[in-house]
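Now for the letters of each chain:
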Amino acid sequence: QKHGLPEPEKKFGGFGYGVLGGMLGAAFVPWAWGAVPIQAAIPVIVIGSVGLLAFLTVVGAVRAVVGAARWLARVVTRRGPPEPSVKKPLSRRMKALVVLAGLSLGALVSAVPHVASQELQVRGAAIVAPAYGMRALGPAFRDAVRAQMEGNAEGRRILELLKDRGGVVRLPDMVMLNEADGVGAHYLSLLNHMAIPLERLKDKGWTFEEFQADPAKQQELAKEMAPTIAHELKHATQFRRAPWSPGVLLGEGIEFEWEAYISGHDFVHEALKADPKADVSSYELYDYEEFLGDFDKYLSDVEKNGIYKDDQRLGDPAYDAFFAARRAGWAKHAAEGYRLLAERNAHIPVIQKQYLEKAARAEAAAPASPAR
């Protein structure tokens, strides 16, 4: 402007904006569709950015090599510099195509981490945390887990909450790894995976390879761990809630654990309702009965467990109302549970009598139904 020279044409940045928009869009679309928690978008963006940077680095290197080769060819052939050319401004159609190309590239680099999430987790863990020994579980185990959930009323309620907006059940990724002592399994929203301890296989004398190759073994473990898996899948449903819901973004509270333990308890309760002789482990029955005995003490013991020492109370009115409603109906629920245990132990009259007495005491403690 100072010297009256024509201004250079502004470079069209549609490709870069398209790439950014495509990356963010593809990263958050699965969450908006209800298929994953919102936290799952973070590693997708990170991995996608690394992949994009690697791609652009390769493209830049190729362009540099081609440019150097052209320059060298002109030096060798003693040709002068190329004639200056005036670039024509891009038409609207070309600009639209450039933006579309950017969107496509951005969507691609974000889509790959979503599609290959489980495999990328395993490969990444092998590099940054090899001590975990993370291994991916295949579709046979996922099918076995789903079958266990579908065969139980509480499991079906959980699956309903894991459906996306199209009505398709979206189970989290499933892996096995070396867990800390005392951890039966865990769900991690950032990676949207449910992890099962490799120790469960060692206890049975199985190698991971034997387990993966035998659907019967996978069905056996899914059945044994069904209440625990229900607990972890309940966590998956919690993080599918709206981001502004308490605990979803700013760290889960102890209420998340209380709700998940109630869900695992309800899974056992529904199994016994369907068949009092159901194949439930002695540990699960012991835990089930402990919860029947004292609702508040059980939740208090969970809160005092060192595993959850960092989980603070959310103080959410909706959660408070939920626990208050369960507490109000717990005596009636306990009476039903004790009657189921009495039926389960009908072949041992002394134990059956003990459970029936507990059922009677629970019924006596239940609030009377309002008169009509």
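The structure presented is a predicted model; accordingly, all values stated were derived computationally and were not measured. (Residues numbered from 1 in each chain as written. Predicted model: local features only at pLDDT ≥ 70, side-chain atom pairs only at ≥ 80, totals over all residues. Heavy atoms only, no water.)

Engineer: How should I be thinking about the overall build of the chain in this particular structure?
Structural biologist: Of the regular secondary structure elements, the chain holds 16 helices and 4 strands. Over its C-alpha trace the chain gives a radius of gyration of 29 Å, far above what one expects of a compact globule, namely 21 Å for 372 residues. A total of 372 residues make up the chain; the buried ones form 38% of that total. Partitioning the intrachain contacts of the chain with sequence separation of at least 6 by distance along the chain shows that 70% fall at a separation of at least 24. Accessible surface, the chain: about 21900 Å² in total, of which carbon and sulfur atoms supply 60%. (Helix = DSSP H or I, 4+ residues; strand = E, 2+ residues; numbered from the N terminus. Rg over C-alpha atoms; globule rule 2.2 N^0.38 Å. Buried < 20%, exposed > 50% of the residue type's maximum accessible area, 1.4 Å probe, protein only. Contact = heavy atoms within 4.5 Å. Areas by Shrake-Rupley, 256 points an atom, 1.4 Å probe, with all protein chains shown as cover.)

Engineer: Would you mind showing me how to read the environment of Leu 190 here?
Structural biologist: Examined against the element boundaries, Leu 190 turns out to sit in the loop between strand S3 (186-188) and strand S4 (193-197). C-alpha of Leu 190 to C-alpha of Ala 35: the two residues are 155 residues apart in sequence and 13 Å apart in space. In this structure, Leu 190 is in contact with Gln 39, Ala 40, Ile 42 and Pro 43, ignoring residues within four places of it in sequence.

Engineer: What am I meant to see in the pattern of salt bridges here?
Structural biologist: Charged atoms that come close allow side chains of opposite charge to pair. Inspection of every chain in the model, using the stated rule, returns 21 salt bridges. Between Lys 204 and Glu 220 there is a salt bridge, and its shortest N-O distance comes to 2.9 Å. Of this pair, Lys 204 sits in helix H7 (residues 199-204) while Glu 220 sits in helix H9 (residues 215-224), and the two are 16 residues apart along the sequence. The closest approach of N and O atoms between Glu 289 and Lys 358, which form a salt bridge, is 3.0 Å. Here the residue Glu 289 occupies a position in helix H12 (residues 282-293), and Lys 358 occupies one in helix H16 (residues 349-365), the gap between them amounting to 69 residues. Counted as one network, the salt bridges with shared partners bring together Glu 154, Arg 157, Glu 270 and Lys 273. (Salt bridge = Lys/Arg side-chain N within 4 Å of Asp/Glu carboxyl O.)

Engineer: Honestly, helix H3 (residues 92-115) in this entry has me stumped. Any pointers?
Structural biologist: Think of an α-helix as 3.6 residues a turn; residues three or four steps apart then line up on the same face. Across its 24 residues, H3 extends 34 Å between first and last C-alpha, which sits within 8% of the 34 Å expected from 1.5 Å per residue. Listed in full, the buried residues belonging to H3 are Gly 102, Leu 105, Gly 106, Val 109, Ser 110 and Pro 113. (Expected span 1.5 Å × (residues − 1).)

Engineer: So what exactly am I meant to see when it comes to a nonpolar patch on the surface here?
Structural biologist: A cluster of nonpolar side chains, Ile 42, Val 46, Ile 47, Val 50, Leu 188 and Leu 190, forms an exposed patch at the surface whose accessible area comes to about 490 Å². Mapped onto the elements of the fold, Leu 188 is located in strand S3. (Patch = residues over 30% accessible without salt bridge, like charges linked within 9 Å, V, L, I, M, F, W, Y side chains within 5 Å.)

Engineer: Which parts of the structure should I look at to understand helix H10 (residues 226-238)?
Structural biologist: Along its 13 residues, H10 runs 18 Å from first to last C-alpha, staying within 8% of the 18 Å computed at 1.5 Å per residue. Along H10, the positions that sit buried rather than exposed are Ala 226, Pro 227, Ile 229, Ala 230, His 231, Glu 232, Leu 233, Lys 234, His 235, Ala 236, Thr 237 and Gln 238.

Engineer: Whenever I open this one, the sheet that holds strand S1 (residues 135-136) confuses me. Can you help?
Structural biologist: Note: strands within a sheet are paired through backbone hydrogen bonds, in either parallel or antiparallel orientation. Strand order in this open sheet of 4 strands is S1-S2-S4-S3, and the pairing throughout is mixed. Two strands lie at the open edges of the sheet, namely S1 and S3, each paired on one side alone. In this sheet, S4 lies alongside strand S2 (residues 173-177) in parallel orientation, the contact comprising 5 bridges. Within S4, the residue paired with Val 175 across the bridge is Ala 195. In this fold H10 packs onto S3 and S4, with an angle of close to 15 degrees to the strand it touches most, S3. (Pairing = 2+ DSSP bridges. Axes fitted to C-alpha atoms, helices over the stretch in contact; angles between N-to-C directions.)

Engineer: Please explain the packing of helix H5 (residues 139-150) against H9 as it appears in this structure.
Structural biologist: Relative placement of two packed helices is described by the angle separating their axes and the distance separating the axes. Contact pair H5 / H9: the axes reach a minimum separation of 9 Å and the direction vectors enclose 40 degrees. Considered as vectors, H5 and H9 are oriented oblique to each other. Of the two possible hands of crossing, H5 and H9 adopt the one that is right-handed. The residues of H9 that touch H5, namely those facing Ala 140, Phe 141, Ala 144, Val 145 and Gln 148, are Gln 218, Gln 219, Leu 221, Ala 222 and Lys 223. (Parallel < 35°, antiparallel > 145°, perpendicular 65-115°, else oblique. Left-handed = near helix turned anticlockwise from the far one by under 90°.)

Engineer: Even after reading the chapter, I still don't get the nonpolar core, so can you show me in this structure?
Structural biologist: Nonpolar side chains tend toward joint burial in soluble globular proteins. Grouped together as the largest cluster of nonpolar side chains are 45 residues, with contacts concentrated most on Phe 141, Met 149, Met 176 and Leu 233. Residues contacting Leu 233, with those up to four places away along its chain left out, are Val 145, Met 149, Ile 158, Leu 162, Leu 171, Pro 172 and Met 194. Membership of the second largest hydrophobic core comes to 17 residues, among which are Leu 272, Val 280, Ala 334 and Ala 362. (Core = buried A, V, L, I, M, F, W, Y, C linked by side-chain atoms within 4.5 Å.)

Engineer: Looking at this model, I keep getting lost on unusual backbone geometry. Mind explaining?
Structural biologist: In terms of backbone geometry, most residues other than glycine have negative phi values and most peptide bonds are trans. For Asn 192, which is not a glycine, the phi torsion comes out positive at approximately 50 degrees. Exposure remark for Asn 192: the relative accessible area of 7% places this residue in the buried category.

Engineer: Is there a simple way to explain the side chain of Asn 345 in this structure?
Structural biologist: Mapped onto the elements, Asn 345 comes out in the loop between helix H15 (330-344) and H16. A distance of 2.8 Å separates the side chain of Asn 345 from the backbone oxygen of Leu 341, its partner in a polar contact. Non-local contacts of Asn 345, meaning those with residues more than four positions away in its chain, are made with Lys 277, Ile 351, Gln 352 and Tyr 355. (Polar contact = N/O pair within 3.5 Å; in protein donor to acceptor, adjacent residues only side chain to side chain.)

Engineer: What is the right way to look at the side chain of Arg 240 in this model?
Structural biologist: Considering the arrangement of structural elements, one finds Arg 240 in the loop between H10 and helix H11 (254-274). No salt bridge is formed by the buried Arg 240; its nearest oppositely charged neighbour, Asp 164, is found at 7.7 Å. (Lys, Arg positive; Asp, Glu negative; His and termini not counted.)

Engineer: Explanation requested: the pairing of S2 in the structure shown.
Structural biologist: Burial within S2 is extensive, with 5 of its 5 residues counted as buried. Where S1 and S2 come together, 2 bridges link them in antiparallel fashion. Across the sheet, the residue bridging to Arg 135 is Met 176, located in S2.

Engineer: I would appreciate a short explanation of the layout of surface pockets in the present structure.
Structural biologist: Any empty space left between atoms is shown by rolling a water-sized probe over those atoms. In this model, the second largest pocket occupies a volume close to 810 Å³. Ser 117, Gln 118, Gln 121, Asp 173 and Leu 191 are the residues nearest the centre of the second largest pocket, which is lined by 35 residues in total. Those elements that place two or more of their residues in the lining of the second largest pocket are helix H2 (41-76), H3, helix H4 (117-128) and S2. Considering every element that reaches the lining of the second largest pocket, the biggest residue donor is H4, with 8 residues. (1 Å grid on protein atoms, 1.4 Å probe; cavity = no way out; pocket = protein on both sides within 12 Å on 5 of 7 lines; lining within 4 Å. Points joined across faces, edges and corners; volume = space filled by probe spheres on them.)

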